[in-house]
Amino acid sequence: MITKAIIPVAGWGTRMLPITKSIEKCMLPVGTRPVIDYIVQDVVRAGVKDIYFVVGEQSTQVQSYYRSNIQLNDYLRRAGKEDKLPLVAPLRDVRIHFLTQPGTGGYGTSIPVGLASEFIEQGESAFVIMGDQFFWRSDGGSNAADLAELVESRGLSAGLLGNPVEEEFIPQTGIIETDNQGNFVRIIEKPKLEEAPSNLSNSSFYVLNKEIFELARTLPANPKRGEFELTDAINAYIDGGGVIAVGEAKGEYMECGSPSGWLKANNAMAKNVTR
């Protein structure tokens, strides 16, 4: 069983300004919960016992959300609203950790993964899920659990999920290519429709092993873009003979890192019970 999850939530969320001047991007509400909590609930359903949030130096709101609020609890009891207490209770049987990503230095998706590497043991795998998106599943299932099961069923230690997109969006995103066993070959950025190997977009939803964590920690910045990119670590693992399973995510994909995506997510969730 995979018992650890790394959730990167550092960064200023500049695409969402001005609201992210005072509200951390991962704490933006979708329905009655912040974006981050949909991811947390998914990994908890998968049996995760340790969650590592990689936060920015300015972060306080994630910490506040996941600790007990004694004053609020007292008010709810005085007001006869004890039925609300489970909604604001801390997670049970789950340890929360906070790793601070420096505001200066390298930039990119591999930085928070590299920071978490020291907390992953040799022979261990962990979930890595970016904190500005989630999947809404009306069946109450867990994509983390599904991915872990897929990785185990293939006798592997790493995997990732893709979400199917409509043809019109294929030239706008990174599309996953797999081999005939359904394992990862590469991600093709913004391919022409006729050249796309699939309709699966990279969901930034991973099971990574210690070797990939170490590659994320040690590889240099991408020479073309100047950023430290997690996909470079994944490609290096593949080039070294590693194998990564690819699965298809279930549920409705909610991208919340852009104004249009966040508003779309709220409109979609307005049709669902969000507690």
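Residues numbered from 1 in each chain as written. Predicted model: local features only at pLDDT ≥ 70, side-chain atom pairs only at ≥ 80, totals over all residues. Heavy atoms only, no water.

Visitor: So what's going on with the overall build of the protein? Residues and values would help.
Guide: Within the protein, the secondary structure is distributed over 9 helices and 13 strands. Taken along its principal axes, the extent of the C-alpha atoms in the protein is 60 × 40 × 40 Å. Across the 275 residues of the protein, 48% fall into the buried class. At a minimum sequence separation of 6, the contacts of the protein that also span at least 24 residues come to 74%. Total accessible area on the protein is roughly 14,300 Å²; 50% of this is exposed by carbon and sulfur atoms. (Helix = DSSP H or I, 4+ residues; strand = E, 2+ residues; numbered from the N terminus. Buried < 20%, exposed > 50% of the residue type's maximum accessible area, 1.4 Å probe, protein only. Contact = heavy atoms within 4.5 Å. Areas by Shrake-Rupley, 256 points an atom, 1.4 Å probe, with all protein chains shown as cover.)

Visitor: Can you explain the packing of aromatic side chains? Please cite residues and give values.
Guide: Applying the stated criterion across every chain, the model contains 7 aromatic pairs. Members of the aromatic cluster, connected to one another through ring pairs, are Phe-53, Tyr-65, Tyr-66 and Phe-98. (Phe/Tyr/Trp six-rings, centres within 6.5 Å; stacked < 30°, edge-to-face > 60°.)

Visitor: Residues and numbers for the packing of helix H7 (residues 210-218) against helix H8 (residues 230-239), please.
Guide: Between H7 and H8, the shortest axis-to-axis distance is 9 Å and the interhelical angle comes to 130°. On the basis of their axis angle, the class for H7 and H8 is oblique. At the point where H7 passes H8, the crossing takes the right-handed sense. Judged by residue contacts, Glu-211, Ile-212, Leu-215 and Ala-216 of H7 engage Leu-230, Ala-233, Ile-234, Ala-236 and Tyr-237 from H8. In terms of residue class, the contact of H7 with H8 is built from 8 nonpolar, no polar and 1 charged. (Axes fitted to C-alpha atoms, helices over the stretch in contact; angles between N-to-C directions. Parallel < 35°, antiparallel > 145°, perpendicular 65-115°, else oblique. Left-handed = near helix turned anticlockwise from the far one by under 90°. Nonpolar A, V, L, I, M, F, W, Y, C, P; charged D, E, K, R; others polar.)

Visitor: Quick one: what's the story with the environment of Val-54, residue by residue and with numbers?
Guide: Relative to the helices and strands, Val-54 resides in strand S4 (residues 50-56). Taking the C-alpha atoms as reference, Val-54 lies 13 Å from Asp-132; in sequence the two are 78 residues apart. Not counting the four nearest positions on each side in its chain, Val-54 is found in contact with Ile-6, Ile-7, Pro-8, Val-9, Ala-10, Leu-99, Gln-101, Pro-112 and Leu-115.

Visitor: Kindly report on the pairing of strand S10 (residues 184-189), identifying the contributing residues and their values.
Guide: Sheet analysis places strand S9 (residues 174-178) next to S10, joined by 5 bridges and oriented antiparallel. Bridge pairing in S10 places Ile-176 opposite Ile-187. Connecting S9 to the antiparallel partner S10 that follows it, the hairpin turn spans 5 residues, and Gly-182 within it adopts a positive phi of roughly 80°. (Pairing = 2+ DSSP bridges.)

Visitor: Tell me about H7, and name the residues and values.
Guide: Listing the buried residues of H7 in full gives Lys-210, Ile-212, Phe-213, Leu-215 and Ala-216. Close packing links the buried residues of H7 with strand S1 (4-8), helix H5 (110-116), strand S6 (125-129), strand S11 (200-209) and H8.

Visitor: Describe a nonpolar patch on the surface, with residues and values.
Guide: A grouping of Leu-72, Tyr-75, Leu-87 and Val-88 is seen on the molecular surface, where their side chains present a nonpolar patch of about 290 Å² in accessible area. Assignment of secondary structure puts Val-88 in helix H4 (residues 85-88). (Patch = residues over 30% accessible without salt bridge, like charges linked within 9 Å, V, L, I, M, F, W, Y side chains within 5 Å. Salt bridge = Lys/Arg side-chain N within 4 Å of Asp/Glu carboxyl O.)

Visitor: Which residues make up the nonpolar core, and what values go with them?
Guide: Counting 44 residues, the largest nonpolar core has Val-30, Ile-36, Phe-53, Phe-127 and Phe-134 as its most contacted members. Only S1, helix H1 (35-45), S4, S6, strand S7 (133-136), helix H6 (143-153), S11 and helix H9 (259-269) provide two or more residues apiece to this core. For this core, the leading source of residues is H1, giving 6 residues. Setting aside residues up to four positions removed in sequence, Ile-36 forms contacts with Ile-7, Val-9, Cys-26, Met-27, Phe-53, Tyr-66 and Gly-131. By size, the runner-up hydrophobic cluster in this structure holds 29 residues, among which are Ile-120, Ile-187, Leu-215 and Ile-234. (Core = buried A, V, L, I, M, F, W, Y, C linked by side-chain atoms within 4.5 Å.)

Visitor: Give a description of unusual backbone geometry that names residues and reports values.
Guide: With an omega of 10°, the peptide bond running from Leu-17 to Pro-18 counts as cis. Relative to the assigned elements, Pro-18 resides in the loop between S1 and strand S2 (29-30). Although it is not a glycine, Asp-93 adopts a positive phi angle of roughly 60°. Mapped onto the fold, Asp-93 is located in the loop between H4 and strand S5 (95-101). On the accessibility criterion, Asp-93 (62% relative accessible area) is exposed.

Visitor: Would you mind going over the side chain of Lys-210 in detail, with residue names and values included?
Guide: Along the chain, Lys-210 turns up in helix H7. Within polar-contact distance, the side chain of Lys-210 engages the backbone oxygen of Ser-117 at 2.7 Å. If sequence neighbours within four positions are ignored, Lys-210 has contacts with Ser-117, Glu-118, Ile-120, Glu-121, Gln-122, Gly-123 and Glu-124. (Polar contact = N/O pair within 3.5 Å; in protein donor to acceptor, adjacent residues only side chain to side chain.)

Visitor: Give me the pattern of salt bridges: which residues, what numbers.
Guide: Applying the stated criterion to the full structure yields 12 salt bridges. Here Arg-137 and Asp-139 are joined by a salt bridge, their closest N and O atoms 3.0 Å apart. Of the charged contacts in the structure, one is a salt bridge between Lys-250 and Asp-146, with a shortest N-O distance of 3.9 Å. Of this pair, Lys-250 sits in the loop between strand S12 (245-248) and strand S13 (252-255) while Asp-146 sits in helix H6, and the two are 104 residues apart along the sequence. What emerges from the salt-bridge pattern is a single network uniting Arg-137, Asp-139, Asp-146 and Lys-250.

Visitor: So what about the state of the cysteines? Which residues, and what values?
Guide: As enumerated under the stated definition, the model contains 0 disulfides in all. Between Cys-26, a free cysteine, and Cys-256, which holds the nearest cysteine sulfur, the sulfur-to-sulfur gap is 11 Å. For Cys-256, a relative accessible area of 1% puts it in the buried group. (Disulfide = S-S within 2.5 Å.)

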